[in-house]
Each structure stands twice: as structure tokens, then as C-alpha cells.
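A closer look at the structure
So the chains spell out like this:
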Amino acid sequence: MMTRRLWLALRYPPEIHPIFREIKGSTDWEYLPWFLWLVALLLLPLLILPAVILAGTAYGLFWSVNIANTISTERRYELLCILPGGALSAHWLLATGSMHRNNGFARVHSPALWVTRILFGALLIAAWTHGETLPVMVELSLYLIAGMALFINHYTSVVISAMVGMLMPTLVNDKFSLLLMTFGITGLLHVASWIMPLLLVAPNLSLTQRTLLQLLMFAAVREGMVLVLWRMLVSRLGANDEILDWRSHHLIQ
């Protein structure tokens, strides 16, 4: 799966590269635009619980804008693009540096956060099914399917956000429009991928069968988004369909 390959490449960046180390060592507030802080503050009371459960999505929204801003404001961008690996390598260095800044990538994958989001998610399902008489196996299957959806959402959200953040600077030049469109498109992709499976109408299927089918649709939609975004990024950067080799930390044919 492309999602897994790209996530591994994001998880294991070229840590010894000076550009990666420089971007990773910079501070967050230098790269986040003011309007994102304003949106976060205004919506914090309403979104704190979903943001904890869907931490990959929440981090991804900020990462996508951070990456786009980092790439668009990099003064040595043209020079980086002529180094070995080309433009795709330059975008990857700047993107992974942004994502690993202040150990953000490690924090969003920490066991403590996983336990917290699973507990909150279980409480939401318990509240949703409260008052309904469901067989034990059906209720257990709902918890299992919800857990799998949470897992898929987390890893695909990280990858989709990184791809959008790297792609948008190749399409938009104006800085404010770039950041606003990056945030909007990242959010739209995440929301659309959740809504599409929920629109499934299958009256002949049981609750467990329908939710399982919705999970499969969700996974397929997310993987499709990753593939399309990756192809677009490779095409825009003229990378000749190179694939990231996360083991050796460089681009290979």
C-alpha cells in the first residue's frame, strides 16, 4: 500500500541531513499563520474532544499549512531543487523537518495519546448505543470496526496532509491564498472521505455488515486519495515517478 510506504518515509526522515535538522530545530510559531491560531482558539471549546480522538487529523491540518508555508518561504528553494534527488527530495526534507519539529510526529503517535483517544472513542460509542438493545457480539463488532476506522484515519490523515502541504506550493503563488487553500483542501478531503461511506444505503444488510462495508469504503477512499495526491506531486515536481525508499532515506528509481 502506498499509504504505508509514504508513512514510513515520513516516520524515518534523513535525520543527518543539515536542511532537515535546521527545519526541525526551528520554532512552530514562526511557521503558523495568525488566522490558524485564531480559528483554533475560537473552535477549541467545540473541537477539543474530536481533536483528541482524531489527533492525526488535527495535527495533519496544521502540518499541511506548516509544510506549505515552509516550502513557499524557503529562500534556498531553487538551490535545494538542483541538489541530488531534485525538487521532490527538497520538498521531502522541508516537509519532514516541519512534521518532526518539537517531536510533533512522535507525540501524535505516542502510546499515551492512543490510549486516551481509544477511551474517548469507546465512551462516544457507548453514548451512541445507549438505550438500544444490541446483541453482545454486534456491540463488540461495532467497537472493533470503530477502532479500525480510527487506526486507518490516523495514518492516512498524516500522509494526506503531508502530500497536500507539499503539493499546494506548486499550484499557488500568493502566500495568503496558499495557506488558506491548503487548510481548506486538507479539511475538505478529510471530511469528504468520512461522508462518502456514510451515504451508503444498504437496507438488506445488518448493522454489522453495513458498518463493515462502510469501513472498507473509507479505507479505499483514503488510499485512493493518497495515490492521486502522490501522482500529482510527482508530476508537478517532474520527478519521473520516483518512489521514496525509507530505508536508505533517498529517492531511487
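Structural notes, computed from the coordinates. For clarity, every value in this text was computed on a predicted model and none was experimentally measured. Within any chain, residue numbers begin from 1 and follow the written order of that chain's sequence. It should be noted that, the model being predicted, local features are given only for residues of pLDDT at least 70 and side-chain atom pairs only at 80 or more, the latter also being counted only at that level, while totals for whole chains, interfaces and linings use all residues. Hydrogen atoms and water are omitted, and side-chain values are computed over all heavy atoms in the structure.

A short note on helix α1 (residues 2–11)
The periodicity of an α-helix, 3.6 residues per turn, causes residues three or four places apart in sequence to face the same way. Definition in use: Burial classification: accessible surface area is computed with a 1.4 Å probe over protein chains only, and a residue below 20% of its type maximum counts as buried, one above 50% as exposed, and the rest as partly exposed. A run of H or I in DSSP counts as a helix once it spans at least four residues, and a run of E counts as a strand once it spans at least two, with each numbered from the N terminus.
Among the ten residues of α1, seven are classified as buried, and the element is accordingly described as predominantly covered. Restricting attention to buried positions, one finds in α1 the residues Met 2, Thr 3, Leu 6, Trp 7, Leu 8, Ala 9 and Leu 10.

Details of the packing of aromatic side chains
Applicable threshold: Whether two aromatic rings pair depends on their centres lying within 6.5 Å, for rings of Phe, Tyr and Trp, where Trp uses its six-membered ring; planes under 30 degrees apart make the pair stacked, over 60 edge-to-face, and the rest tilted. Two conditions define a charge sitting above a ring: the NZ of Lys or the CZ of Arg must be within 6 Å of the ring centre, and it must be within 35 degrees of the ring normal.
Taken as a whole and judged by the stated rule, the model has seven aromatic pairs. When the ring of Trp 92 is compared with that of Trp 230, the centres are 6.3 Å apart and the planes differ by 90°; the resulting orientation is edge-to-face. Note that Trp 92 is positioned in helix α6 (residues 86–99) and Trp 230 in helix α11 (residues 207–236), a separation of 138 residues in sequence. With respect to burial, Trp 92 and Trp 230 carry one shared label: buried. Among the aromatic residues, ring-to-ring pairing joins Trp 7, Tyr 59, Trp 63, Phe 105, Phe 151 and Tyr 155 into one connected group. The ring of Tyr 12 has Arg 11 lying over it, and the distance from NZ or CZ to the ring centre is 4.8 Å.

As for the packing of α1 against α11
Basically, it comes down to this: Each axis is a line fitted through C-alpha atoms, taken for helices only over the stretch in contact, and angles between the N-to-C directions span 0 to 180 degrees. Two residues form a contact once any of their heavy atoms are found within 4.5 Å.
Interaxial distance between α1 and α11 falls to 9 Å at its minimum, and their mutual angle equals 65°. Of α11, the residues touching α1 (which contributes Met 2, Thr 3 and Leu 6) are Glu 223, Val 226, Leu 227 and Trp 230.

Quick notes on α6
Which entries qualify depends on this criterion: Any helix carries an expected span of 1.5 Å times its number of residues minus one.
With 14 residues, α6 ought to run about 20 Å at 1.5 Å a step, and its terminal C-alpha atoms sit 20 Å apart, in line with that. Taken across its 14 residues, α6 has 14 buried, putting it largely inside the fold.

Some points on the side chain of His 100
Structurally, the position occupied by His 100 is in the loop between α6 and α7 (104–108). Excluding residues that lie within four positions of it along the chain, His 100 makes contacts with Leu 10, Arg 11, Pro 13, Phe 20, Lys 24 and Phe 105.

What to know about the pattern of salt bridges
Note the following rule: For this analysis, a salt bridge means a side-chain nitrogen from Lys or Arg found within 4 Å of a carboxyl oxygen belonging to Asp or Glu.
In this structure the tally under the stated criterion is two salt bridges. Salt-bridge contacts for Arg 76 lead to Glu 74; the nearest nitrogen and oxygen are separated by 2.7 Å. Exposure remark for Arg 76: the relative accessible area of 30% places this residue in the partly exposed category. According to the relative accessible area criterion, Glu 74 is buried, its value standing at 12%. The network of salt bridges with shared partners includes Glu 22, Glu 74 and Arg 76.

A few points about the packing of α1 against α6
We apply this condition: Should an angle fall under 35 degrees it is taken as roughly parallel, and over 145 as roughly antiparallel, whereas 65 to 115 is taken as roughly perpendicular and any remaining angle as oblique. Residues were grouped as follows: Ala, Val, Leu, Ile, Met, Phe, Trp, Tyr, Cys and Pro as nonpolar; Asp, Glu, Lys and Arg as charged; and all remaining residues, including Gly, as polar.
Axis separation between α1 and α6 bottoms out at 9 Å; the angle between their running directions is 70°. Looking at the two axes, α1 sits roughly perpendicular to α6. Contact residues: Leu 6, Ala 9 and Leu 10 in α1; Trp 92, Thr 96 and Met 99 in α6. Tallied by class, residues from the contact of α1 with α6 come to five nonpolar, one polar and no charged.

Some details on unusual backbone geometry
A negative phi angle is the norm for most residues apart from glycine, just as the trans form is the norm for most peptide bonds. Even without being glycine, Asn 102 reaches a positive phi, approximately 55°. Relative to the helices and strands, Asn 102 is located in the loop between α6 and α7. Asn 102 sits in the partly exposed class, given a relative accessible area of 39%. You will see that Asn 103, though not glycine, has its phi angle at about 55°, which is positive.

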